[in-house]
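Read off the chains here:
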2 protein chains.
Amino acid sequence: MRVTEDHPTCRLRDVLDRVGDKWSVLVLNLLGDGPRRYSELQRAIEGISQRMLTLTLRSLERDGLVSRTVTPTSPPRVDYALTPVGETLSAQVAGLITWAEEHRPYVAASRRRYDAP
Amino acid sequence: MRVTEDHPTCRLRDVLDRVGDKWSVLVLNLLGDGPRRYSELQRAIEGISQRMLTLTLRSLERDGLVSRTVTPTSPPRVDYALTPVGETLSAQVAGLITWAEEHRPYVAASRRRYDAP
DNA sequence: CCGCATCCGTGAGGATACTG
DNA sequence: CAGTATCCTCACGGATGCGG
């Protein structure tokens, strides 16, 4: 889709696309509990590839939501943490995660009913 | 990715994927203001194709988040509305949208700074 | 008016191998 | 350990046309 107009929907999209990214949601949620190393994130997020973890963290850093701290030891150590603004988004995301956990049985039941016939 | 394990991350994914869908977010947000006809949604959501609007609505209906009411006039009329559970998700989504609107300038500025060099 | 079916291009993202 | 680089797939989604 071409986004050429200044329709409200379009102005929101670039920000929502970040939130809409499933990996971003999971990363933001994890970092809500405190800073994590790269490898900790990779282990915690089942199924994420190295590539996608790096891309996700770069995007979040670019948007000023996550900070990246390199400790030049050997082997190197990199910690990721939420920025203050990132914390506020993480709080929203936490609400979403809670919603998803609470209503997962309902959604699953709805799907079974819908798919029945 | 194959989801074969029962890791918490995987159990959440199927529900979060609904929220992660950018079209779903926009539809849920619109329906938060009250029921809408198919054609109203299509006009309101800049850039959505007929195909994607239909698919999005079907998914939301399957998940028990949106109800579909057909009025068999001629031409037919179809109204979509949030279910009670859909309302609760729409509320979460509204929080996200608000966040996105409030922090759009911050995110835009962060991106410019990041991309500068 | 509301949708489904079909075709088809593109790009997101997985797998793998390699560096500082 | 924390990435980068490359290849390659496949499914997301746009365009179009038809049907109730």
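Refer to the structure presented above.
First, a word on what this report is: a plain description of the structure on this page. Worth saying up front: this structure is predicted, and the values here are computed from it rather than measured. (Residues numbered from 1 in each chain as written. Chains lettered and ligands numbered in written order. Predicted model: local features only at pLDDT ≥ 70, side-chain atom pairs only at ≥ 80, totals over all residues. Heavy atoms only, no water.)

1. A few points about the overall build of chain A
Part 1 of the argument: The secondary structure content of chain A amounts to five helices and three strands.
Part 2 of the argument: Secondary structure elements in chain A, listed N-terminal to C-terminal, are α-α-β-α-α-β-β-α.
Part 3 of the argument: For chain A, whose C-alpha radius of gyration is 17 Å, the value lies well above the compact-globule estimate of 13 Å for 117 residues.
Part 4 of the argument: With the C-alpha coordinates aligned to their principal axes, the bounding extent of chain A is approximately 60 × 40 × 25 Å.
Part 5 of the argument: Across the 117 residues in chain A, those meeting the buried criterion constitute 42%.
Part 6 of the argument: The long-range share in chain A, meaning contacts at least 24 apart out of those at least 6 apart in sequence, stands at 46%.
Part 7 of the argument: Carbon and sulfur atoms make up 50% of the accessible area of chain A, which amounts to about 6200 Å² in all. (Helix = DSSP H or I, 4+ residues; strand = E, 2+ residues; numbered from the N terminus. Rg over C-alpha atoms; globule rule 2.2 N^0.38 Å. Buried < 20%, exposed > 50% of the residue type's maximum accessible area, 1.4 Å probe, protein only. Contact = heavy atoms within 4.5 Å. Areas by Shrake-Rupley, 256 points an atom, 1.4 Å probe, with all protein chains shown as cover.)

2. Brief notes about the protein's contact with DNA strand D
Part 1 of the argument: Near DNA strand D you find 17 residues, and of these S39(A), R68(A), Y80(A), S49(B) and R51(B) are the closest.
Part 2 of the argument: When atoms of DNA strand D within 4 Å of the protein are sorted by moiety, sugar and phosphate together comprise 63%.
Part 3 of the argument: Between DNA strand D and R37(A) there is a distance of 3.1 Å, counted from a sugar or linking oxygen to a side-chain nitrogen or oxygen.
Part 4 of the argument: Contacts to DNA strand D include S39(A), whose side-chain N or O atom sits 2.6 Å from a phosphate oxygen.
Part 5 of the argument: Sorting the residues of the surface near DNA strand D by element identifies helix 3 (38–44), helix 4 (50–62) and strand 3 (77–82) of chain A together with helix 4 (50–62) of chain B as the ones contributing at least two each.
Part 6 of the argument: The element best represented in the surface near DNA strand D is helix 4 of chain A, accounting for four residues.
Part 7 of the argument: Considered class by class, the residues forming the surface near DNA strand D number seven nonpolar, four polar and six charged. (Near = heavy atom within 4 Å. Polar contact = N/O pair within 3.5 Å; in protein donor to acceptor, adjacent residues only side chain to side chain. Nonpolar A, V, L, I, M, F, W, Y, C, P; charged D, E, K, R; others polar.)

3. Examining the protein's contact with DNA strand C
Part 1 of the argument: As a structural note, the neighbourhood of DNA strand C is formed by 19 residues, with M52(A), Y38(B), S39(B), T54(B) and R68(B) the closest of them.
Part 2 of the argument: Note that a phosphate oxygen of DNA strand C is positioned 3.0 Å from one of the side-chain N or O atoms of R58(B).
Part 3 of the argument: Within the side chain of R68(B), an N or O atom sits 2.4 Å from a phosphate oxygen of DNA strand C.
Part 4 of the argument: For the surface near DNA strand C, the secondary-structure elements that each account for two or more residues are helix 4 of chain A together with helix 3 (38–44), helix 4 and strand 3 (77–82) of chain B.

4. Some points on the sheet that holds strand 1 (residues 36–37) of chain A
Within a sheet, neighbouring strands are paired by backbone hydrogen bonds and run either parallel or antiparallel to one another.
All names here are of chain A.
Part 1 of the argument: Taken together, the three strands give an open sheet; going across it, the order is 1-3-2, and neighbouring strands pair in antiparallel fashion. Strands with a single pairing partner mark the edges of an open sheet, and in this sheet they are strand 1 and strand 2 (66–71).
Part 2 of the argument: Pairing geometry for strand 1 and strand 3, over two bridges, is antiparallel. Residue R37 lies in a different strand from strand 3, and its bridge partner there is D79.
Part 3 of the argument: Of the strands in this sheet, strand 2 and strand 3 are in contact with helix 4, which crosses strand 2 at around 115°. (Pairing = 2+ DSSP bridges. Axes fitted to C-alpha atoms, helices over the stretch in contact; angles between N-to-C directions.)

5. Some remarks on helix 2 (residues 22–31) of chain B
Side chains three or four residues apart in an α-helix point the same way, a direct result of the helix having 3.6 residues per turn.
Part 1 of the argument: Burial of helix 2 of chain B is extensive: eight of the 10 residues sit out of reach of the surface.
Part 2 of the argument: Taken together, the buried positions of helix 2 of chain B are W23(B), S24(B), V25(B), L26(B), V27(B), L28(B), L30(B) and L31(B).

6. Concerning the relation of the copies chain B and chain A
Part 1 of the argument: Laying chain B over chain A is done by rotating through 180° and shifting 0.1 Å along the axis; what remains is an RMSD of 0.1 Å. Seen this way, the second copy is the image of the first under a two-fold rotation axis. Taking the C-alpha atom as reference, chain B places G20(B) closest to the rotation axis, 1.9 Å from it.
Part 2 of the argument: Same-surface contact between copies: 100% of interface residues of chain B are shared with the interface of chain A. (Least-squares fit on C-alpha atoms with pLDDT ≥ 70 in both.)

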